[in-house]
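# Structural characterization, general
Okay, here's what each chain looks like letter by letter:
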Amino acid sequence: MFSPSLLGSDFSRAGEELEAIAAAGADYAHFDVMDGNFVPEITFGAKFIEDLRPLSDLVFDVHLMIENPEKHIDRFIKAGADMLTVHAESTRHLWRVLQMIKESGKDAGVAINPATPVSFIEPVLPIVDSVLVMTVNPGWGGQRFIRETVDKIAELDSRRAEGGFSYIIGADGGVGRKNIKELYDSGMNLAIMGTAFFNEDDKSSFLHELEEIVEA
Ligand code: DX5
Ligand code: ZN
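A brief structural summary. Quick caveat, the model's predicted, so the values are computed rather than measured. (Residues numbered from 1 in each chain as written. Chains lettered and ligands numbered in written order. Predicted model: local features only at pLDDT ≥ 70, side-chain atom pairs only at ≥ 80, totals over all residues. Heavy atoms only, no water.)

## A closer look at the pattern of salt bridges
With the rule as written, the count across this model stands at 14 salt bridges. The salt bridge partner of Arg177 is Glu209, with a shortest N-O separation of 2.6 Å. Of this pair, Arg177 sits in the loop between strand S7 (168-172) and helix H6 (180-186) while Glu209 sits in helix H8 (residues 203-215), and the two are 32 residues apart along the sequence. Taking relative accessible area as the criterion, Arg177 reaches 38% and is therefore assigned partly exposed. A salt bridge links Asp185 to Lys181; the nearest nitrogen and oxygen atoms lie 3.6 Å apart. (Salt bridge = Lys/Arg side-chain N within 4 Å of Asp/Glu carboxyl O. Helix = DSSP H or I, 4+ residues; strand = E, 2+ residues; numbered from the N terminus. Buried < 20%, exposed > 50% of the residue type's maximum accessible area, 1.4 Å probe, protein only.)

Structure below.
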């Protein structure tokens with residue numbers, strides 16, 4: 001499954017870019033919310049998502065790179081998020097914030113930075129719908145893939161099988177043709193792509209090509 005990230009698109013044409021994601025055959029659209037504190041950059045808030053919501057039936061996958069996400073969960077749910085992912089490093093109340101998301105009927109995801117081990121989120125693995133492994137340092141699109149993070153995907157895949165858990169595993173950052181096979185073979189289910197996707201003129205062929213690469 002693919003979740004193209006609007007961060008790699010032209011925000012002045014956000015509606016069309018969102019439509020291009022659906023037209024390419026993706027199921028998800030990834031929204032990178034940055035607050036200038038948890039990460040240096042600032043992108044957009046809930047209103048951006050709210051305004052785009054009526055234009056699309058895609059699953060809105062909202063990646064919160066913000067401090068104290070528990071303060072903002074309700075607002076992003078009202079805006080139309082289907083899946084909300086919070087960083088394990090961004091809150092002292094990880095269990096509570098994940099519970100808040102689940103109680104609202106939305107999918108709850110937990111993200112980990114490249115330097116955060118899988119063991120750090122072990123207690124919440126039974127309750128999450130998704131684990132997002134950052135394969136770059138969060139904060140910017142277009143960075144180089146950090147290969148060492150693939151081991152964490154494999155570890156999450158093993159723990160999922162051992163524990164009988166049902167979370168999906170996402171990889172975010174520097175994902176494209178060169179590493180999709182390795183990620184998929186390690187247990188990744190959802191490829192988040194900004195630059196690689198939006199650099200392609202024929203986005204639909206690109207996603208087909210990636211499907212062929214992983215199935216080969
Ligand atoms: C990085 C974001 C990513 C970003 C990925 O902080 O979380 O979702 O859009 O962009 P690329 O695919 O360009 O690395
Ligand atoms: Zn992201």
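## Quick notes on empty space enclosed by the protein
Scanning all chains against the criterion turns up one cavity of 30 Å³ or more. Size it by volume and the largest cavity reaches roughly 40 Å³. Lining the largest cavity are His30, Asp61, Met83, Thr85, Ser130, Leu132, Leu190 and Ile192. When residues of the lining of the largest cavity are traced back to their parent elements, those giving at least two are strand S4 (83-87), strand S6 (130-134) and strand S8 (190-193). Considering only residue class, the lining of the largest cavity consists of four nonpolar, three polar and one charged. (1 Å grid on protein atoms, 1.4 Å probe; cavity = no way out; pocket = protein on both sides within 12 Å on 5 of 7 lines; lining within 4 Å. Points joined across faces, edges and corners; volume = space filled by probe spheres on them. Nonpolar A, V, L, I, M, F, W, Y, C, P; charged D, E, K, R; others polar.)

## With respect to the coordination of the zinc ion (ligand 2)
The protein atoms that coordinate the zinc ion (ligand 2) are His30 (NE2), Asp32 (OD), His63 (ND1) and Asp172 (OD), at distances spanning 2.0 to 2.3 Å. For the zinc ion (ligand 2), the donor residues sit on a single chain with the sequence spacing H-x1-D-x30-H-x108-D. Here Asp32, found in strand S2 (residues 28-34), pairs with His63, found in strand S3 (residues 59-65); they are 31 residues apart in sequence, far enough to count as distant. Exposure remark for Asp32: the relative accessible area of 5% places this residue in the buried category. (Donors = N, O, S within 2.8 Å, 3.2 Å for Na, K, Ca; no water.)

## Here we look at the environment of Met34
As for its placement among the helices and strands, Met34 is situated in strand S2. As for Met34 and Gly45, which are separated by eleven residues in sequence, their C-alpha atoms are 8.2 Å apart. Setting aside its immediate chain neighbours within four residues, Met34 contacts Leu7, Val39, Glu41, Ile42, Thr43, Met65, Ile66, Gly139 and Trp140. (Contact = heavy atoms within 4.5 Å.)

## What to know about the layout of surface pockets
In this structure, the largest pocket spans a volume of roughly 550 Å³. Forming the walls of the largest pocket are 32 residues, and the residues nearest its centre are Gln143, Gly173, Gly174, Val175 and Thr195. Looking at the lining of the largest pocket, the elements with two or more residues in it are S2, S3, S8 and helix H7 (195-198). Its residues assigned to classes, the lining of the largest pocket shows 13 nonpolar, 13 polar and six charged.

## Re helix H4 (residues 94-103)
Looking at H4, one finds that the buried residues are Leu94, Val97, Leu98 and Ile101. Buried positions in H4, seen along its axis, are confined to an arc of 100 degrees and lie on one side of it. On its buried face, H4 is in contact with helix H3 (73-79), S4 and strand S5 (107-112). Note on H4: the residue one or two positions beyond its end, Gly105, has a positive phi of about 90 degrees. (Arc of directions from axis to C-beta.)

## Here we look at the site of ligand 1
Neighbouring residues of ligand 1: 20 residues in total, closest Gly139, Gly142, Asp172, Gly194 and Thr195. Within the contact set of ligand 1, an oxygen atom lies 3.0 Å away from a side-chain nitrogen or oxygen of Ser5. Between ligand 1 and the protein, one listed contact pairs an oxygen atom with a side-chain N or O atom of Asp32 at 2.8 Å. Here ligand 1, which alone exposes 380 Å², has 99% of that area covered by the protein. Elements represented by at least two residues in the shell around ligand 1 include exactly S2, S3 and S8. Examining the composition of the shell around ligand 1, we find that three residues originate from one element, S2, more than from any other. (Near = heavy atom within 4 Å. Polar contact = N/O pair within 3.5 Å; in protein donor to acceptor, adjacent residues only side chain to side chain. Areas by Shrake-Rupley, 256 points an atom, 1.4 Å probe, with all protein chains shown as cover.)

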